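Single-letter residue listing:
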Amino acid sequence: MKWKTHTSITRAISKSLNLPKDLEKALSQGVIDPDKYPDKVLRVGRRGRIYTATASHHDPDIGMIMKHIWNARLSYLNGDNIQAMKSLGRALHYIQDKSVSKGFLGLSHDTREEDVSFQTIPEDAIKKGIDIAVCSPHYVKKIIKNTKPRKNIYEIMNQACMYSAAIAKAVIGERTPSNELVENFKSAKERYCKKIIPIAIGTFGIFLIVSFFMQNFLYVILGILAGYITQRLDFKYHHLKEEAKWFGIK
């Protein structure tokens, strides 16, 4: 998208969220920063070589977007609202660009972005995004995954506005977790520490013993991998851990 489209969307969201002028300015600055100061990502070449490349704006890595989302959320929890808006803006840039289809060989991309830039901001889409928002990192990740490239200029603008508003509201939503989340995480963490971790350590220990008798270091590597996988299989704990982190709970 063009800068004026990015900033128009973020200003409309800022207005709907009643953000003060300084935060609106920071959000508007953040949303164009990826074009001014591109993100870098690691890629693996055909020959297995790792190299640094400029992040794609129309097919971005979810992990990279979530990095900015987490920076925004944690800055918000720590009271650094300016930095929160800048990081949030960077994340929203990719959501908005991702909404625009590049078309066949990218031939229609520039024309489509030009057409979108003349569209009126759909206030109803922004309102809907705010209304459906859930203060959760898993919800944000779901929205990112659901963002698809659109060819129709009305669909592009509607999706970009609704999803951007939903993510913005999720990031600057409630600061205090529900009692249910606190209790569920406490219970899951206790089970993880008392049951899952000992099983993971025991699994590694078995491979370590086998490695000693077989005189093969490969079993040590397999043991580390098996232990790691064992503890990662506690999906409930890791899900709740991320939800708790969203509210600053460790």
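Above: the structure in question.
The notes below deal with the structure included here. Predicted model only: the values in this text are computed from it and were never measured.

### A word on the environment of aspartate 131
Among the secondary structure elements, aspartate 131 is positioned in helix α6 (residues 123-132). Residues aspartate 131 and alanine 84, 47 residues apart in the sequence, show an inter-C-alpha distance of 21 Å.

### Section: the packing of helix α3 (residues 62-77) against helix α4 (residues 81-98)
Their axes nearest at 7 Å, the elements α3 and α4 cross at an angle of 160°. By the angle class used here, α3 and α4 are roughly antiparallel. α4 is crossed by α3, and the crossing has left-handed handedness. Of the residues in α4, those touching α3 at Met64, Ile65, His68, Ile69, Asn71, Ala72, Ser75 and Tyr76 are Asn81, Gln83, Ala84, Ser87, Leu88, Arg90, Ala91 and Tyr94. Of the residues that constitute the contact of α3 with α4, the class distribution is nine nonpolar, six polar and one charged.

### A look at the pattern of salt bridges
Side-chain pairs of opposite charge can arise whenever the charged atoms involved come near each other. Applying the stated rule across the entire model yields seven salt bridges. The shortest N-O distance in the salt bridge between glutamate 24 and lysine 21 comes to 3.9 Å. Taken together, the positions of glutamate 24 and lysine 21, both in helix α2 (residues 21-36) and three residues apart, correspond to about one turn of that helix. Here glutamate 24 falls in the buried class, since its relative accessible area comes to 15%.

### Regarding the packing of aromatic side chains
Applying the stated criterion across every chain, the model contains four aromatic pairs. On the numbers, 3.9 Å between centres and 10° between planes, the contact of tyrosine 192 with tyrosine 237 is stacked. Taken as a pair, tyrosine 192 in helix α9 (residues 179-214) and tyrosine 237 in helix α11 (residues 235-246) lie far apart in primary sequence, 45 residues in all. When the ring of phenylalanine 212 is compared with that of phenylalanine 213, the centres are 5.5 Å apart and the planes differ by 80°; the resulting orientation is edge-to-face. As far as the burial class goes, phenylalanine 212 and phenylalanine 213 line up, both exposed. Pairwise contacts between aromatic rings join Phe185, Tyr192 and Tyr237 into one cluster. Sitting above the plane of the tyrosine 76 ring, arginine 175 keeps its charged end 3.9 Å from the centroid.

### Focus on helix α10 (residues 218-232)
Note: α-helices contain 3.6 residues per turn, so residues at a spacing of three or four share the same orientation. For α10, spanning 15 residues, the distance from its first C-alpha to its last is 21 Å, which sits close to the expected 21 Å at 1.5 Å a residue. Buried residues of α10: Val220, Gly223, Ala226, Gly227 and Gln231, and no others. Along the axis of α10, the buried residues cluster in a sector spanning 125°; they form a single face. Here the buried face of α10 lies against α9 and α11.

So, how was this worked out
Residues numbered from 1 in each chain as written. Predicted model: local features only at pLDDT ≥ 70, side-chain atom pairs only at ≥ 80, totals over all residues. Heavy atoms only, no water. Helix = DSSP H or I, 4+ residues; strand = E, 2+ residues; numbered from the N terminus. Axes fitted to C-alpha atoms, helices over the stretch in contact; angles between N-to-C directions. Parallel < 35°, antiparallel > 145°, perpendicular 65-115°, else oblique. Left-handed = near helix turned anticlockwise from the far one by under 90°. Contact = heavy atoms within 4.5 Å. Nonpolar A, V, L, I, M, F, W, Y, C, P; charged D, E, K, R; others polar. Salt bridge = Lys/Arg side-chain N within 4 Å of Asp/Glu carboxyl O. Buried < 20%, exposed > 50% of the residue type's maximum accessible area, 1.4 Å probe, protein only. Phe/Tyr/Trp six-rings, centres within 6.5 Å; stacked < 30°, edge-to-face > 60°. Lys NZ or Arg CZ within 6 Å of the ring centre and 35° of its normal. Expected span 1.5 Å × (residues − 1). Arc of directions from axis to C-beta.

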